[in-house]
Every structure is written in C-alpha cells, then in structure tokens.
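Survey of secondary and tertiary structure
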Amino acid sequence: MRTELLAPPTYLKGFETLEEEVTLDSLPLEGELPAWLSGSLLRTGPAKFEVGEHSYRHWFDGLTMLHRFSFGDGAVSYGNRYYRGNTWKKGQETGAIPYPEFATDPCRSVFKRVSTMFSPEFGDNANINVVRLGERFLSMTEAPISVQFDPQTLESAGVSFKPPGMITTAHPHLNRATKGMLNFAVKVGARNEYRFFHLGPDSDQPEVTAKIKVKKPGYVHSFGLTERFIVFAEFPWVVNPIEIPLSGRPYAENYKWEPERGTRFFLVDRETGKAADPITTDPFFAFHHLNAYENDDGTIVADIQTYPDPSVVEQLYLDNVRGGIDLTPSEIRRFTIDPAAGTVEHEVMIDTPFELGRINYGRCNERRYRYAWGVAATPGNWIDRIVRADLEERSHTEWHESGRYPGEPVFVAEPGGTEEDDGVLLSVVLDGERETSFLLVLDAHDLSEVARCEVPHHIPFGFHGLYSSTV
Ligand code: CO
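Residues numbered from 1 in each chain as written. Predicted model: local features only at pLDDT ≥ 70, side-chain atom pairs only at ≥ 80, totals over all residues. Heavy atoms only, no water.

Per the secondary structure count, the chain includes six helices and 36 strands. Taking 23 Å as the expected radius of gyration for a compact globule of 471 residues, we find that the chain reaches 21 Å, a close match to that expectation. Referenced to the eigenvectors of the C-alpha coordinate spread, the extents of the chain come out at roughly 60 × 55 × 50 Å. Buried positions account for 59% of the 471 residues belonging to the chain. Here the contacts in the chain between residues at least 6 apart in sequence split such that 59% fall between residues at least 24 apart. Of the accessible surface of the chain, which amounts to about 18,900 Å², a share of 48% is contributed by carbon and sulfur atoms. The average position of the 46 basic charges and that of the 69 acidic charges among the side chains of the chain differ by 8 Å. (Helix = DSSP H or I, 4+ residues; strand = E, 2+ residues; numbered from the N terminus. Rg over C-alpha atoms; globule rule 2.2 N^0.38 Å. Buried < 20%, exposed > 50% of the residue type's maximum accessible area, 1.4 Å probe, protein only. Contact = heavy atoms within 4.5 Å. Areas by Shrake-Rupley, 256 points an atom, 1.4 Å probe, with all protein chains shown as cover. Lys, Arg positive; Asp, Glu negative; His and termini not counted. Charge placed at Lys NZ, Arg CZ, Asp CG, Glu CD.)

Below, the discussion takes up the coordination of the cobalt ion. Donor atoms from the polypeptide that coordinate the cobalt ion comprise His171 (NE2), His221 (NE2), His288 (NE2) and His464 (NE2), at 2.0 to 2.1 Å from the metal. Bound by four donor atoms, the cobalt ion shows angles of 92 to 162° at the metal and therefore irregular coordination geometry. Each donor residue of the cobalt ion lies on one chain, and together they are spaced H-x49-H-x66-H-x175-H. Separated by 67 residues along the polypeptide, His221 in the loop between strand E16 (207–214) and strand E17 (224–225) and His288 in strand E23 (residues 285–294) bring together distant segments of the chain. Relative accessible area serves as the criterion here: at 5%, His221 is assigned to the buried category. (Donors = N, O, S within 2.8 Å, 3.2 Å for Na, K, Ca; no water. Tetrahedral: all angles 85-135°; square planar, octahedral: opposite > 155°, others 65-115°.)

Right, let's get into the sheet that holds strand E22 (residues 279–281). Reading across from one edge, E17-E18-E21-E22 is the order of the four strands in this open sheet, with antiparallel pairing throughout. A strand with exactly one partner marks an edge of an open sheet, and here the two such strands are E17 and E22. As paired strands, strand E21 (residues 263–269) and E22 are joined by three bridges and run antiparallel to one another. When the sheet's bridge partners are listed, Arg264 is paired in E22 with Thr280. (Pairing = 2+ DSSP bridges.)

Considering all chains together, one arrives at 46 aromatic pairs under this definition. For the pair Trp59 and Trp382, a centre-to-centre distance of 5.3 Å together with 85° between the ring planes defines the contact as edge-to-face. With Trp59 in the loop between strand E5 (54–55) and strand E6 (63–72) and Trp382 in the loop between strand E28 (371–377) and strand E29 (383–390), this residue pair connects regions lying 323 residues apart in the sequence. Comparing Trp59 with Trp382, the two get one shared label, buried. Summarising the aromatic geometry, the rings of Phe71 and Tyr467 are spaced 6.3 Å apart at their centres and angled 45° between planes, so their arrangement reads as tilted. Separated by 396 residues along the polypeptide, Phe71 in strand E6 and Tyr467 in strand E36 (residues 465–468) bring together distant segments of the chain. With respect to burial, Phe71 and Tyr467 carry one shared label: buried. (Phe/Tyr/Trp six-rings, centres within 6.5 Å; stacked < 30°, edge-to-face > 60°.)

Next up on the list: the pattern of salt bridges. Tallied over the entire structure, the rule returns 32 salt bridges. Asp269 is paired through a salt bridge with Arg228; the nearest N and O atoms lie 3.3 Å apart. With Asp269 in strand E21 and Arg228 in the loop between E17 and strand E18 (229–234), this residue pair connects regions lying 41 residues apart in the sequence. The partner of Glu243 in a salt bridge is Lys256, with the nearest N and O atoms 3.7 Å apart. A residue pair is termed long-range when its members are at least 10 positions apart, and Glu243 in the loop between strand E19 (237–238) and helix H3 (244–247) and Lys256 in strand E20 (residues 256–257) qualify at 13 residues. A relative accessible area of 34% means that Glu243 is categorised as partly exposed. (Salt bridge = Lys/Arg side-chain N within 4 Å of Asp/Glu carboxyl O.)

On to the sheet that holds strand E25 (residues 331–338), then. Reading across from one edge, E23-E24-E25-E26 is the order of the four strands in this open sheet, with antiparallel pairing throughout. The sheet is open, and its two edges are formed by E23 and strand E26 (343–348), each paired on a single side. Across the sheet, the axes of successive neighbouring strands diverge by a mean angle of 25°, strand direction being ignored. (Axes fitted to C-alpha atoms, helices over the stretch in contact; angles between N-to-C directions.)

Our focus in this paragraph is the environment of Phe463. With respect to the helices and strands, the residue Phe463 is situated in the loop between strand E35 (449–454) and E36. The class for Phe463 is buried, based on a relative accessible area of 6%. As for Phe463 and Glu408, which are separated by 55 residues in sequence, their C-alpha atoms are 6.8 Å apart. Beyond its immediate stretch of four places on either side in the chain, Phe463 contacts Arg43, Thr44, Pro46, Trp59, Phe60, Asn127, Ile128, Leu356 and Glu408.

A few words on the pairing of strand E30 (residues 395–399). Sheet topology places E29 next to E30; five bridges connect them, and they run antiparallel. Counted as the bridge partner of Ala389 is His396 from E30. Here E29 folds back onto E30 in antiparallel fashion, the turn holding four residues, of which Arg394 has a positive phi close to 55°.

What follows is the structure, encoded as structure tokens:
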C-alpha cells in the first residue's frame, strides 16, 4: 500500500545518474570550519543506474562512485570519480550489465548460469562502505571482492583481498589490538557455514577465527562487537544458496522471510572462537547494528536499528522509490542478552525512526556509550532529517530543512575533546529544489549549523563513508 506523497517528490534527483567527474580545489563555503578539521571525508555509493540500454533495478546496484571532501586551512576541496574496475570496464565495453548485483542479474543464458554455479563470477562494484585497513583505503560490498583506491586521486587500485566465503559484509569492525579488521563471510557449498575472520592491517590473507554451521544462511549486513564477543544476529530472511544460480532470480530475490524461525543471536567468543548455542527471540530484520557492550552482570547489550520485516528491501527498488515513497521506519532497539539464562529482552530507545546511525566509534565502540547520530524520513517522504539520539536520556533532537535530503552523518571527534559528543557531523545533503548537493557540517552537540559548502552537481544518494585525518 502506498501513502499519498506529502511533499513534492524533489528527492528524485538523488536516484539519477551523475556523469560528471570533477576535481575542485575549493568549494563555495558558508560559515566557518573548525580550525582543527583537517583531513578527508571519503564516501562511496551508486551513481550510475544504466549501462547501455539496460538499467539496474535496485538502489543498491548502481555503479560505484567515490567522493572526497578534504578540509584544511578553513577551506574544502572536492573530487569524485567512478571506480573503474571490472564491472565498470566490462559494462562500458559490452553495453550490458556484466555481473550479478544485489537485485539485478546480468544478461546471460540459463546455460551460463548453471556453468558458473560452482565457480561464480563476481564483479567489483563495491558501493556500500569505505573502510581503512592499515594504510589501505577499501571500498567494500557484500560480494567477496574488496577493492582498493587512492584516497587522494580516487583512482582504482585493484582487488585488495578476498574474504573466505561467497557473501560478506561491508561493515567490518576494527580489532583495536591488531589494528586489523574483523568481519564475517558465508562459505557456501555442500555444507554452508558462517565464517568469522581477522585480516591484519598489512595482510591480504584472511585468517578464519570461528565457524558456525548453518543450513540456510540469513542475510546479514553488519554485526556488533563487544570487548569479549562478536554479537551476530541472524534474522529469519534466509536462503538456500544452492538455489541461487538455478532460480532465474537475482540474488536478493532468493531470500525468504520465515518469521517462525525467529531471530537467533550468536555470541562468538573473540578469544576462543567458540560460540554457545544461539538464543532465539522474536523475528525482526535489520541492516545495521549500532553498538554493543557488556554489562558488569554478564549480560550483553546490542543496539540495532530494526525493521519488523525485510519489506524495506522491496521498497528500495528504483521503480518503487521513483514512484513514491512508503518507507517502513526503523527504530533503535536495545537487546539485552543474558547468556546464563538464555534469554533476550528488548526495548525501543527513542521515539523516532533512525537509520544509518554513527557513533563516536574510536571512543565508544565495544563500550558503554550515550550518543548516536543518524537519519530519518518523514512518512511519505525520502530521508529528510538528521537525528541526534541521547540513549541515556532516551531523547532526541533533529535537523530538518524542507526539500533537503541528508545522507549518513559521519561523526568526527574533535582532537583532545573530553566529552563523547565533542566534534562535528559531516553529511552530504541533496537540495531537491536546486538539484545540487552540499556538504553540511553540524555541531554534534546540538545539530546547529557550523558550515555548508556547495557542490556544482547533485550527488546520488549513497550509503556510507569515513573520515580520515591523515589524508
Ligand atoms: Co550498511
């Protein structure tokens, strides 16, 4: 069912292809940047939705563009560039979609499908998240190829590593002790298993640290981390992987919602790699864990941005978002897992939708924390608000301007700051009326505007990025 559009659909520009690639030494700036802000915001996202005569079908499928906003001496420079890997090159050469994406299949025969079943080909359209690993900057997706790029020029630098499985996440965690990455992959075959792995800061050889056998793997976009455990939530949106190449349907359309299974929480001991039996709770779906930590009484807290079911995936097909928005709102739920009692309880933390949440990661990941910053949509509209959540007071404040559509607010901690929320937020915002985008800098304490700088074109809606003070 669709709700009436409450606002003119000025967000539509955010789902249009951007052809321009530019390098600009300085962007027009309103306001004054903090003197300490010296570094770069690096973001990835889909920016081209057609190849030749063919169109990608889902927001998650578009061709990867990287964006860089660099700050120094109170000014901002900007660059954007398509990731010119195999997916890009083959598409340009053939005029056809070359590799399977999340919800779009390449143009190929059934025979070809079957023949590639046990040696699947993956593209390198890594448009979900930017991750730093040692000195490498990676653009990541859920296909098992992570690519590298030059953080200054945004030029493609090839495949960085391959995870130990066919499906992985673009949301690894930092291992504080090694400065390496913790992530997970689904190994598919005669037997399927979840594999958790560590990748050292200078390594291209993932080391599997834990395995869990599974018949039908769930779709998992991220996971939580405490000092002792990996908190792994398996939602009942599951797949029999062997059916994927034979079904004639794109990857995502092979997943089935089986709510009777419930959601299973696995706690994987980071030291031993052992996982106790999972603890089952009510069915729900999520893309993003927000944070997790351990209480003194041995219970584990996992904050997750949840949906009642995966219907949001359906809502994000390009035909659907272009035809009018009816997004199921997500909410921050706090799950308290008691491993001794085998129970999970949950509560809703704030009275607003909340997605694409960020925290003061360096200070608070794996630990007790108070603040998160994310985005929300007014019912019947695209994402049009930035939300600051106070999870101690259980309250929130918002930034909103009519006809403006903000993306993920990346928190940048002020060097030497003493409070958890000492810093700024960086969010790429589409101005739906002018059909251009700007970078918005907000004070993370109260969402008051610090500065904004305008880009000469629109930036298609993206997913995630990071801030690095060293590039
Ligand atoms: Co994500």
